[in-house]
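Okay, here's what each chain looks like letter by letter:
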Amino acid sequence: GTSATRSHPRVFVYSLPRALPNGVILRDDAQCEKLLFDKIGAINCLFGDEFKVDLTNSLVHDLRNSTLTLHKVDQFSLGRIMYARLLASPWRVFDPKQADLFFVPIWTADTWANSSTCPSALDINILLPFMRD
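The rules behind each value
- Residues numbered from 1 in each chain as written.
- Predicted model: local features only at pLDDT ≥ 70, side-chain atom pairs only at ≥ 80, totals over all residues.
- Heavy atoms only, no water.
- Helix = DSSP H or I, 4+ residues; strand = E, 2+ residues; numbered from the N terminus.
- Buried < 20%, exposed > 50% of the residue type's maximum accessible area, 1.4 Å probe, protein only.
- Contact = heavy atoms within 4.5 Å.
- Areas by Shrake-Rupley, 256 points an atom, 1.4 Å probe, with all protein chains shown as cover.
- pLDDT = per-residue confidence, 0-100.
- Patch = residues over 30% accessible without salt bridge, like charges linked within 9 Å, V, L, I, M, F, W, Y side chains within 5 Å.
- Salt bridge = Lys/Arg side-chain N within 4 Å of Asp/Glu carboxyl O.

We now examine the overall build of the protein. Secondary structure summary: the protein contains four helices and five strands in total. Start at the N end of the protein and walk to the C end: the helices and strands fall as β-α-β-β-α-β-β-α-α. In the protein, buried positions account for 27% of the 133 residues. Taking all contacts inside the protein whose residues are at least 6 apart in sequence as the whole, residues at least 24 apart take part in 60%. Carbon and sulfur atoms make up 59% of the accessible area of the protein, which amounts to about 9,300 Å² in all.

As structure tokens, then:
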């Protein structure tokens, strides 16, 4: 059906290289993909190191004597988390013509301080053919 009758949007995730041919980095987490065979390592790389919170003294009675497991994320983590989740999403589509939304996986934590390390609009536009259709 149309997007008006569906309960969720269909998402097309662009498959982009880690860097442009001129060396400008598009995703600073691509090293995490090399850890696919080390599930814990890949999760910690993408989402931050795991840590536990003791809820023994919780004000919520049902949570007492339990432990909450969280990940140390920072302000630059959202792109990595969204990308990992969308790659495994049942709402991901592989045909851009079926998509309601497009996810463009481009981010770096803090390396775009000057124009020599920031991709230009033309560099990005060349990588996004379905956005021009």
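Picking up where we left off.
Mean pLDDT over the protein: 79, with 80% of residues reaching 70 or higher. Ranking the elements of the protein by mean pLDDT puts helix α4 (residues 129-132) last with 75 and strand β4 (residues 92-93) first with 96.

A contiguous nonpolar surface patch, about 260 Å² in accessible area, is contributed by Phe102, Phe130 and Met131. By the secondary structure assignment, phenylalanine 130 is in helix α4.

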